[in-house]
Amino acid sequence: MSNKSKYKFTLYKCTNMQNMLIDAVKLNENIFLNELKEMNILNYSYTPDEAIEELGLELEEINHLIDDYVIQIVTSNMIFLQYLNELQSSKDKKEVMNYRVLQDLAHKNLGVASNLRIHDAQKLLYSIMKEEDLGHIFLCLEGLFACVTILRPQKAFDTLRLIKVKNSL
């Protein structure tokens, strides 16, 4: 990600899991109390009961799938951010803006969130699929990053740290 990028995740710069979780909670409150209040997802708390019942899986299996989901979202958010900055560049140059790749990635991630019955992520990813306001999309992405960090702080932090190491090589 270049330094010229307009959009950057707040949580990307955290250096330990505890600070990342604290920052995610603050970010979550700020975004869902203010800019994305209409989504009504402040204080959402995921429980696997619905997924266990509807999918017929054991808690251990659901927990494994949730860990995979967190890895997928953290990784996807880096890709989302790249596309968002490319769209901003196109907008700045007054070029045609193609949202298709961003929308397809949101749709793919929405399927996983829907299967696991993670309702806050469903709302955010649906909004990313349908929205064309770049600022709104960024808020949804940052909110999504905060939500998965709150859902599985250690998994989100470890995944982000692995991405940073990979990018530094």
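Everything below is about the structure printed above this text.
What you see is a predicted model, and the numbers here were worked out from it, not measured in a lab.

1. Considering the overall build of the protein
Link 1 in the chain: Regarding its fold elements, the protein presents seven helices and zero strands.
Link 2 in the chain: Secondary structure elements of the protein occur, N-terminal to C-terminal, as α-α-α-α-α-α-α.
Link 3 in the chain: Taking 15 Å as the expected radius of gyration for a compact globule of 169 residues, we find that the protein reaches 16 Å, a close match to that expectation.
Link 4 in the chain: In terms of principal-axis extent, the alpha carbons of the protein reach across some 50 × 35 × 30 Å.
Link 5 in the chain: Across the protein, the fraction of contacts at a sequence separation of at least 24, relative to all contacts at a separation of at least 6, is 72%.
Link 6 in the chain: Here the protein displays about 9400 Å² of accessible surface, and carbon together with sulfur accounts for 51% of that area.
Link 7 in the chain: If the 19 positive side-chain charges of the protein are averaged to one point and the 23 negative ones to another, these points end up 10 Å apart.

2. Looking at the packing of helix α1 (residues 17-33) against helix α7 (residues 153-168)
Link 1 in the chain: It is the contact of α1 with α7, at a shortest axis distance of 9 Å, that shows an interaxial angle of 110°. In terms of orientation, α1 and α7 fall into the roughly perpendicular class. Two packed elements cross with a definite hand, and for α1 against α7 that hand is right-handed. In this structure, α1 uses M17, M20 and L21 to contact α7, whose residues at the interface are P153, Q154, A156, F157 and L160.
Link 2 in the chain: Across the contact of α1 with α7, the residue classes break down as seven nonpolar, one polar and no charged.

3. Side note on helix α3 (residues 59-92)
Link 1 in the chain: Taking 1.5 Å of rise per residue, 34 residues should cover 50 Å, and α3 covers 48 Å from first to last C-alpha, within 8% of that figure.
Link 2 in the chain: Positioned one or two residues after α3, K94 has a phi angle of 60°, which is positive.

4. Re unusual backbone geometry
Link 1 in the chain: For N43, which is not a glycine, the phi torsion comes out positive at approximately 65°.
Link 2 in the chain: For N43, the location among the structural elements is in the loop between α1 and α2 (49-55).
Link 3 in the chain: Since its relative accessible area comes to 64%, N43 is described here as exposed.
Link 4 in the chain: The phi dihedral of K94 is positive, around 60°, even though this residue is not glycine.

5. What about the environment of K164?
Link 1 in the chain: You can see K164 is positioned in helix α7.
Link 2 in the chain: Taking the C-alpha atoms as reference, K164 lies 19 Å from L144; in sequence the two are 20 residues apart.
Link 3 in the chain: Setting aside residues up to four positions removed in sequence, K164 forms contacts with Y12, K13 and C14.

6. Regarding the environment of N77
Link 1 in the chain: Tracing the backbone through its elements, the reader meets N77 in helix α3.
Link 2 in the chain: Separated by 61 residues in sequence, N77 and F138 place their C-alpha atoms 9.9 Å apart.

7. Topic: the pattern of salt bridges
Link 1 in the chain: Here the structure, examined in full by the defined rule, presents four salt bridges.
Link 2 in the chain: Between R117 and E54 there is a salt bridge, with its nearest N and O atoms 2.5 Å apart. With R117 in the loop between α4 (100-115) and α5 (119-130) and E54 in helix α2, the pair connects residues that are 63 residues apart, well separated along the chain.
Link 3 in the chain: Its relative accessible area of 46% is what places E54 among the partly exposed residues.
Link 4 in the chain: The closest approach of N and O atoms between R152 and D67, which form a salt bridge, is 2.9 Å. A residue pair is termed long-range when its members are at least 10 positions apart, and R152 in the loop between α6 (134-151) and α7 and D67 in helix α3 qualify at 85 residues.
Link 5 in the chain: Taking relative accessible area as the criterion, D67 reaches 22% and is therefore assigned partly exposed.

Definitions and limits used
Residues numbered from 1 in each chain as written. Predicted model: local features only at pLDDT ≥ 70, side-chain atom pairs only at ≥ 80, totals over all residues. Heavy atoms only, no water. Helix = DSSP H or I, 4+ residues; strand = E, 2+ residues; numbered from the N terminus. Rg over C-alpha atoms; globule rule 2.2 N^0.38 Å. Contact = heavy atoms within 4.5 Å. Areas by Shrake-Rupley, 256 points an atom, 1.4 Å probe, with all protein chains shown as cover. Lys, Arg positive; Asp, Glu negative; His and termini not counted. Charge placed at Lys NZ, Arg CZ, Asp CG, Glu CD. Axes fitted to C-alpha atoms, helices over the stretch in contact; angles between N-to-C directions. Parallel < 35°, antiparallel > 145°, perpendicular 65-115°, else oblique. Left-handed = near helix turned anticlockwise from the far one by under 90°. Nonpolar A, V, L, I, M, F, W, Y, C, P; charged D, E, K, R; others polar. Expected span 1.5 Å × (residues − 1). Buried < 20%, exposed > 50% of the residue type's maximum accessible area, 1.4 Å probe, protein only. Salt bridge = Lys/Arg side-chain N within 4 Å of Asp/Glu carboxyl O.

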